[in-house]
Amino acid sequence: MSKPKDRATGEKSVRSILMAGVGGQGILRASDILCEVMIRTGLDVKKSEVHGMAQRGGCVTSHVRYGTCVHSPIAKKGDVGILIAFEKMEALRYLDYLRAEGIAIVNDTEIYPPAVNLGEARYPDDILTLLPLPPASVKMVRAQEMGVRAGNPRTENIVLLGVLSRYLTLEPSVWDEVLKVSFPAKLVDANLTAFHLGRVA
Amino acid sequence: MKNRKLMSGNEAIARGAYECGVRFASGYPGTPSTEIMESFARYPGVYAEWCPNEKVGLECAIGAALAGTKAMAVMKHVGVNVAADPLFTVSYTGTNGALVIITADDPSLHSSQNEQDNRNYAKFAKIPMLEPADSAEAYAFIKIAFALSAQFDTPVFLRTTTRVSHSKSIVEIADPLPVEDTTQIRFNAPKYVMVPAMARLRRIEVEKRMQALRAFAETFPENRAEINRTDVGVITAGIPYHYAKDVFPDYSYLKLGMVHPIPEKAIRDFADRIDRLFVIEELDPFLEEQIRAMGIPVTGKDAFPYTNEFDPGVVERAMRTDPVEDPAYVPPVVPPRPPNLCPGCPHRGLFYVLGKLKVFAAGDIGCYTLSFMKPLEGLHACICMGASIGMAHGMSKALGEKGKGKVVGVIGDSTFIHSGITPLLNAAYNRSDCVFIICDNRTTAMTGMQEHPATGFTLQGQSAKALDFERLAEALGIDQVRVIDPYDIRQTRAVIREELARSGPSLIVSRRACALFRRAAGPPQKPLRVDPGKCIGCRTCLGLGCPPISWRKFSDQAPDQIVKNTKKQDGNAVIDPQLCNGCTVCQQLCKAGAIVAGEE
């Protein structure tokens, strides 16, 4: 396995990751785990999301910013190194946060918003062609399938963390360490498997 | 390492309060403040309670402080409006122990009905206010707030915003201080009986206290000048400090930890060293107006927006003189994803019926407020907690005969307890002709399942008396009280129609536990499915706006898959079994009998 370069780095000492998806997809848990790994690596970390009404089927985003000294817990538009779309269409919605040389990790899953369910709006047909990124900057992942293979479809979020981990220079052993204490004992194995399936995807 | 924790601002406040010996907290849930009470309540040896509303919450905290302890009242920004009555006078009495009021403001109205800037309350009520910028400061400032309260015999405000409350950053926590019991009954009528003669004297004490606090502010270490480049300087407080530091790390800063009262001399000293001065603050020009009144020219709201929260990009655009580059990518327009009632939400059946009955439903604050949206369109006004009942009553009085059977007031269970009881009493007393409906989902759902006086449990998990809405309504003088199950559409429609046709006020309790509230709702039922052999494509089920139900056009289906049951049919409904919780409301509406239980 050749390790991709840390594409989030750029020249900046503070870097940003943006997770975007739909309420109930486990985004907040995933970003908590990511932050804990970073803290154990000795980095300064801030993360931000808004709870409340967004939980009721609305969009959920989590900004994670890390480096030697982090000020703002939210990234500005055009400054995110890695955008992880837990739902395909959300990759498009938050595209303006991505740096020119940033990458998008896109979960190949569709969750229809109400207007699409009612037949009043169309779900975009081909997200890949709508993403104006160089093909090498887009990583499509079938996280749900891999979650099922890991033994629990709800580990989709952890599969995506596994994919993300390849783009970051964080010790794999620290990921394992944090994952082991992030779940009740009976769910640890499925989540570890999910993470490693994502990591080699 | 062990003591470095990733904490939200809310968790950090709870931790700081616990460590410095706070053992009493009261409040009412409200985004973005809710997790302060929830995390505080879990520490050993503390007492914490959910109150019916913020006014009661503050009054309990005032009493606890009067008994000599450190007490905390916790609320969201609009909660302070409810608590404003005791607030303005406890400023006169001061506290015997220590009292901190936490106001969690919501710039951008992420989960609120307005965007009020509660720094104005500090000035208005003459109460000092601290404002942290991140979790580490939230943790430190709550301790300072309690120390100031004791030192100056004053209630102290701690103001957060959604971004501070809900962002997580690293906090170095410590062990809690040993707690001494400082409580006892002390009689001091001149200080605590606010009749005019004594309040006039306390009024003078308030001004003396503010003078002392102004002097304190000049040397308060959390009013911190960071002198770097002096061509541009920034005066700011709270989260905008971090946004500015992010994009302009080289400028000089005067970061105010205390936003009321402000340190005039420190501001003048800072301004003297700076060529161009900016004031960066979300919402109102609270600091800016005071600094301008000192005769210091600043750039503030002439460059920065009045509305919404900022981010580093907003600050950069407002301050940069050279053009700011646009983001590299422009997102295409994609369908919006508004918040929606959950699958199987008990509000759905009720508001479907109200929408179809074409009545005016004065609504209230809660998940059910979302019923104003298409396709339900069953709620037509929302002002504040408890407003629906009074509004409906007032509307029907104004409309007279025209309004008969056309106006209802709809309110949640927790919201009714918060501030719906007195307007219901008013409706009984003043011979209302309205139908009032309590959407009783057995919990405070919108903020995440908090207990309330009708759930039978307290914040700290003890069993409690459960308020009986039917008996309460009867005691208030509402003669007609009905109970319906909003999962039963026929009954819901029939009872509402009957009550609309009657004279006099009536109360309908629409009782069904929130679908996500497992303790009361139990596990979900088996998902339903659409039998394509029976679906006639009438779209009635889509009128519920239930997330699992979607429309599949025939033009998007493989020709050999299409089952056409009527001539004009151009598609059929499908139900996502992963999302459906089997509430059967859609099944009751389907005239074709196409929504069925069980596997294909």
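Residues numbered from 1 in each chain as written. Chains lettered and ligands numbered in written order. Predicted model: local features only at pLDDT ≥ 70, side-chain atom pairs only at ≥ 80, totals over all residues.

### Focus on the overall build of chain A
Note the following rule: Strands here mean DSSP runs of E at least two residues long; helices mean DSSP runs of H or I at least four residues long; both are numbered from the N terminus. Radius of gyration means the value over C-alpha atoms here, while the globule rule gives 2.2 Å times the residue count to the 0.38 power. In this scheme the burial state of a residue depends on its C-beta neighbours within 10 Å: 20 or more other such atoms mean buried, 12 or fewer mean exposed, and anything in between means partly exposed; the C-beta positions come from the backbone. Once C-beta atoms have been placed from the backbone, residue pairs whose C-beta atoms lie within 7 Å are recorded as contacts.
Helices and strands together make up the secondary structure of chain A, namely eight helices and six strands. Ordering the α and β elements of chain A from the N terminus gives β-α-β-β-β-α-β-α-α-β-α-α-α-α. Taken against the 2.2 N^0.38 rule, which gives 17 Å for 201 residues, the C-alpha radius of gyration of chain A at 16 Å falls within 12% of a compact globule. By residue count, 56% of the 201 residues in chain A fall in the buried class. Across chain A, contacts joining residues at least 24 apart in sequence account for 67% of those joining residues at least 6 apart.

### Looking at the nonpolar core
In plain terms, the rule: As used throughout, a nonpolar core is a set of buried Ala, Val, Leu, Ile, Met, Phe, Trp, Tyr and Cys residues joined through C-beta atoms within 7 Å of each other. Where each domain begins and ends is defined by an automated method or by a domain database.
In terms of nonpolar packing, the biggest core is built from 160 residues, with Leu-83 and Leu-160 of chain A together with Val-100 of chain B touching the most fellow members. If one sorts the elements of this core by residue count, helix H7 (residues 135–152) of chain B sits on top with eight residues. Counting contributing residues per domain, this core is built from domain 1 (4–219) and domain 2 (223–319) of chain B, each supplying no fewer than three. Ala-362, Cys-382, Cys-514 and Leu-516 of chain B belong to the second largest nonpolar core, which has 71 residues in total.

### Describing the confidence of the model for chain A
Here is the rule: Within a predicted model, pLDDT stands for the predictor's per-residue confidence, ranging from 0 to 100.
The predicted model of chain A has a mean per-residue pLDDT of 89, with 91% of residues at 70 or higher. Mean pLDDT values for the elements of chain A range from 82 in helix H4 (residues 127–130) of chain A up to 98 in strand E4 (residues 80–85) of chain A.

### Structural notes on the environment of Asp-576 of chain B
Tracing the backbone shows Asp-576 of chain B in the loop between strand E21 (571–575) and helix H22 (585–589). The sequence separation of Asp-576 of chain B and Ser-550 of chain B amounts to 26 residues, and the corresponding C-alpha distance is 8.0 Å.

### What to know about the domain arrangement of chain B
Residues and elements named next belong to chain B. Convention followed: Gly falls in the polar group here, along with every residue not listed as nonpolar (Ala, Val, Leu, Ile, Met, Phe, Trp, Tyr, Cys, Pro) or charged (Asp, Glu, Lys, Arg).
The domain architecture assigned to chain B consists of domain 1 (4–219), domain 2 (223–319), domain 3 (346–521) and domain 4 (528–597). Taking the mean C-alpha position of each, domain 1 and domain 2 sit 25 Å from one another. Taken residue by residue, the interface counts 23 residues in domain 1 and 22 residues in domain 2. Mapped onto the side of domain 1 that touches domain 2, the elements with two or more residues apiece are helix H6 (119–125), strand E6 (129–130), helix H8 (162–166) and helix H10 (196–219). Residue composition of the side of domain 1 that touches domain 2, grouped by class: eleven nonpolar, three polar and nine charged.

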